[in-house]
Each structure stands twice: as structure tokens, then as C-alpha cells.
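Descriptive analysis of the structure
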Amino acid sequence: MKRIYLLFFLCATFAIKASAQHNPYLCCEDTCAHTHGIDMSHYQGEVFWETIGEHTNMAYVYLKATEGGDRIDARYERNIDLAHRHGLKVGSYHFFRPKTPLSLQLKNFKAQCLPGEQDLIPMLDVETTGNLSPKAFCDSLHKFLELMEEAYHQKPLIYTFRNFYNKHLQGMLDDYHLMIAMYSDEQPLLADGRDYTIWQYTSKGRIVGVTTDVDKSRFMGKHSLREIRYRH
């Protein structure tokens, strides 16, 4: 009988420990002093911004506004309004399509990303070369970054994955703040040793107020939110 009770105790203890280890709501932002934020789009569906604002440690949110020359995120307008109402610092991002005419992409983004509604500098999501040659991709990206800077009078934040940066972007973005995505317990290292401002550390984050997985990020080292504030 003692063996049975001992076995039951050990199983229960293991189950409790396993449950704590896999608790999706026990997150980095609850146990550290870093400044944390989220990225959101229509993929998250209905979002309860009041709950996020009052019950989480999220300081900022980047919202998808546009993609390519004509795609607009269906929840952008509602999300930016409610995120502001409930105390988050808000920025907007554009998903870059290198082969789409740059003037159309800029026009699309400018129609949604209004300077008066921004707390944070615009962000450019760079994840594809569009099957362009390295030179053509580089030219397209740099021209679009110049157009964004001319339109908003400040350099945009660049979002990309670590492997994409290492393969396609080394040496191209030295004057820009970077948000690097790598979903791992270990902090990403860029092949050229480049410093970066923000690390998106998971695409499977959970947060009260959202029923789906959420991209979560945090500032690195001594970097802070003031470095990417929109200068009005």
C-alpha cells in the first residue's frame, strides 16, 4: 500500500511540474524586467483590447496595416483605435513585396498609416526576395526605404527573420533599427555580429484578451521604447 501511495505522490508531483512548465500563460514578460510587446493582424480575429491594456505587461503593439500594392488588413482601423484607447503605444507595419511597384506600395501604406495616429516609427516587414536577383532585390528594398523615410521623415524599423537577414541583408541596413524574429529560448546572433533593437521570440505566445497565438517581442540590452518613438 505504501508503494501505491508513493507512486501516486510521485505521479502527481510530476504532473504539477509538467503543467507549470507548459503553462502557456506563464510568460517571459511576467518574470523579467524587459519591455515587451506584440504584433497583431486580422489573423488574431476579435481582440479584447481592454483586457490586454488592463491585465498584461505589454507596452507596445505593431499592427499590420498593408501588404503589397493593394492589400489592407481588415482589422487595422479597429485595432489601432482600440489599442490607443487602452493605453498601448502603437506602430504600423507594411509587408514588403519586392516585385510590386514601389509607388503603389507606398500609396497603399500611406493611406492607412496616418502620422497623427502613430506612437512608434513605421515598420517594414521584409521576408521575401520575390525571386529577384540579389542586386534587384537590394535596389528595390533600398528605394522603398528611401520612399518611406521621405514620406514619414524618419527611418523605419526593419522586421525580418534571423536566417533571412544572414542570407540576404548583411551589410545593407546598418543605419536602421532591427526587429529580429527567431523562435527559440536562445537569443539570436546575426552572422555579421550586428546589434539589433528588438527580438521577436515566439509566434506561439498566449495573452489574455486574445484567443489565438500571438507574436511576442522584447527590447534587447539597453535598447528602449524611446528609440523607436515617432517624431511628430
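See the structure printed just above.
All of the points below concern the structure found in this document.

What counts and what doesn't
- Residues numbered from 1 in each chain as written.
- Predicted model: local features only at pLDDT ≥ 70, side-chain atom pairs only at ≥ 80, totals over all residues.
- Heavy atoms only, no water.
- Helix = DSSP H or I, 4+ residues; strand = E, 2+ residues; numbered from the N terminus.
- Buried < 20%, exposed > 50% of the residue type's maximum accessible area, 1.4 Å probe, protein only.
- Lys, Arg positive; Asp, Glu negative; His and termini not counted.
- Salt bridge = Lys/Arg side-chain N within 4 Å of Asp/Glu carboxyl O.
- Contact = heavy atoms within 4.5 Å.
- Axes fitted to C-alpha atoms, helices over the stretch in contact; angles between N-to-C directions.
- Left-handed = near helix turned anticlockwise from the far one by under 90°.
- Nonpolar A, V, L, I, M, F, W, Y, C, P; charged D, E, K, R; others polar.
- Core = buried A, V, L, I, M, F, W, Y, C linked by side-chain atoms within 4.5 Å.

So, on to the side chain of Asp125. Examined against the element boundaries, Asp125 turns out to sit in strand S5 (residues 123–125). No salt bridge forms around the buried Asp125; measuring N to O, its nearest opposite-charge neighbour Lys64 is 6.7 Å away. Not counting chain neighbours up to four residues away, the residues in contact with Asp125 comprise Tyr93, His94, Phe95, Phe96 and Tyr159.

What follows is about the environment of Leu102. Tracing the sequence through the fold places Leu102 in helix H5 (residues 102–112). Overall, the relative accessible area of 16% leaves Leu102 in the buried class. When near neighbours in sequence (up to four residues on either side) are disregarded, Leu102 contacts Phe96, Ser140, Lys143, Phe144 and Leu147.

The next subject is the packing of H5 against helix H6 (residues 134–152). Relative to each other, H5 and H6 sit at 35°, their axes nearing to 10 Å. Seen from above, H5 lies across H6 with right-handed handedness. Counted together, Leu102, Gln105, Leu106, Phe109 and Lys110 of H5 and Ser140, Lys143, Phe144, Leu147, Met148, Ala151 and Tyr152 of H6 form the full contact between these two elements. Split by residue class, the contact of H5 with H6 holds 8 nonpolar, 2 polar and 2 charged.

This part covers the nonpolar core. Counting 48 residues, the largest nonpolar core has Met40, Trp49, Val61, Leu124, Leu141 and Leu173 as its most contacted members. Other than its neighbours up to four places away in sequence, Leu124 contacts His94, Phe96, Leu141, Phe144, Leu145, Met148, Leu157, Ile158 and Tyr159. Formed by 14 residues, the second largest nonpolar core is a distinct cluster that contains Leu120, Met123, Ile198 and Ile228.

Everything listed is a geometric property; what it means functionally is a separate question.
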